[in-house]
Amino acid sequence: QITAANSDAALAFQNIEDAQTTINGLRARPEIDAAHLCLNDEKPFVSLFRNRQPTALDFNLVPTEGHRITNDKLILKRRIYFRQDPVGWIIIEANLQKEIARSHAVLQIAAMALIILVGVALLLAARLQRLVSNPISQLAATATHITKHKDYSVRVLKESPDEIGALVRAFNQMLTEIEQQHRDIIENQHQLQLALSAAQMGSWEWEVRTNRVTWSVENDHLFGPAPEALTIEAFASRLHEEDMDRALATFR
């Protein structure tokens, strides 16, 4: 717009020297490869070329008026008026290398920022995994050990002041109570064993669904060694013959 306004009189009076001086002022713009001042017939009146030999203007690439972008080039065409009368045109060919380089730089910065964000996300994920997954894994490993070895004395050592830590503390407290109950059961079984031995008695149990009888070793001296598969009928057959029918009827 400034160049067009400064060259309107030169085009109106077809003053080549003034027109060339005006258009040469565009050399200060490094992105402009070529510029043309044309008369109304759209033929170049004066031209400016940067770093290339003067070539004929390819009007196939020039828009009717306005601008067009082709590949890495911007072509601009505007009407020039002198006292509201059209006296010619200004056509500018500008390269977009700087803009393309700037776009590449922006993309590179965005890619680097994305890589950094992904790295930070991975670090946070690893940190969260250590905070969450590791205590859960320890809980699972401890539970597996207890199930396999019946060892209720183990504890999950790592605790934290968050919800996972509360879960670990509750799990350890549960193990403490189970361990105490297990000790009580063992002690009661031991006392029962001593009582049965002192009284020369034994205990037995009948699983009704499978019709399987098991007894303690103290019964061996009363009934003889028990076979692997002992039914209630086989057990009753070892009673005194006067008691067998009454015992079976009571069982049924």
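Residues numbered from 1 in each chain as written. Predicted model: local features only at pLDDT ≥ 70, side-chain atom pairs only at ≥ 80, totals over all residues. Heavy atoms only, no water.

### Quick word on the packing of helix α4 (residues 97-149) against helix α5 (residues 163-199)
Where α4 meets α5, the closest approach of the two axes is 10 Å, and the angle between their N-to-C directions is 15°. If you check the angle between α4 and α5, you find them roughly parallel. Where α4 crosses over α5, the two elements pack in a sense that is left-handed. Two secondary-structure elements touch here, α4 through Leu131, Pro135, Ile136, Leu139, Thr142, Ala143 and Ile146 and α5 through Ile164, Leu167, Val168, Phe171 and Leu175. Across the contact of α4 with α5, the residue classes break down as 11 nonpolar, 1 polar and no charged. (Axes fitted to C-alpha atoms, helices over the stretch in contact; angles between N-to-C directions. Helix = DSSP H or I, 4+ residues; strand = E, 2+ residues; numbered from the N terminus. Parallel < 35°, antiparallel > 145°, perpendicular 65-115°, else oblique. Left-handed = near helix turned anticlockwise from the far one by under 90°. Contact = heavy atoms within 4.5 Å. Nonpolar A, V, L, I, M, F, W, Y, C, P; charged D, E, K, R; others polar.)

### Details of the confidence of the model for the protein chain
Residues with a pLDDT of 70 or more make up 96% of the protein chain, whose mean pLDDT is 86. The weakest mean pLDDT in the protein chain belongs to helix α6 (residues 220-223) at 82; the strongest belongs to helix α3 (residues 16-24) at 92. (pLDDT = per-residue confidence, 0-100.)

### Concerning a nonpolar patch on the surface
On the surface, Leu128, Leu131, Val132, Ile136 and Leu167 cluster together to form a nonpolar patch covering roughly 400 Å² of accessible area. Per-element accounting of the nonpolar patch gives the leading share, 4 residues, to α4. With respect to the helices and strands, the residue Leu128 is situated in helix α4. (Patch = residues over 30% accessible without salt bridge, like charges linked within 9 Å, V, L, I, M, F, W, Y side chains within 5 Å. Areas by Shrake-Rupley, 256 points an atom, 1.4 Å probe, with all protein chains shown as cover. Salt bridge = Lys/Arg side-chain N within 4 Å of Asp/Glu carboxyl O.)

### Focus on the nonpolar core
Core analysis: the biggest nonpolar cluster contains 18 residues, and Leu11, Ile23, Leu26, Leu37 and Ile80 have the highest contact counts within it. Of all the elements in the fold, those that place two or more residues in this core are α2 (8-12), α3, β1 (32-38), β2 (44-49), β4 (73-82) and β5 (85-95). Once you skip the residues sitting within four places of it in the chain, Ile80 turns out to touch Ala4, Ser7, Asp8, Leu11, Leu37, Asp85, Pro86, Val87, Gly88, Trp89 and Ile90. (Core = buried A, V, L, I, M, F, W, Y, C linked by side-chain atoms within 4.5 Å. Buried < 20%, exposed > 50% of the residue type's maximum accessible area, 1.4 Å probe, protein only.)

### Details of the pattern of salt bridges
Throughout the structure, instances matching the rule amount to 6 salt bridges. Measuring nitrogen to oxygen at the nearest pair gives 3.0 Å for the salt bridge that ties Glu42 to Lys77. Pair noted here: Glu42 is in the loop between β1 and β2 and Lys77 is in strand β4, with a separation of 35 residues, a long-range link. Its relative accessible area of 28% is what places Glu42 among the partly exposed residues. With relative accessibility at 3%, the residue Lys77 sits in the buried group. With a closest N to O distance of 2.9 Å, Glu179 and Arg155 form a salt bridge. Here Arg155 lies in the loop between α4 and α5 and Glu179 lies in helix α5, a separation of 24 residues in the sequence. Residue classification places Glu179 among the buried residues on the basis of a relative accessible area of 15%. A network of salt bridges, in which partner residues are shared, links Arg155, Glu179 and Arg183.

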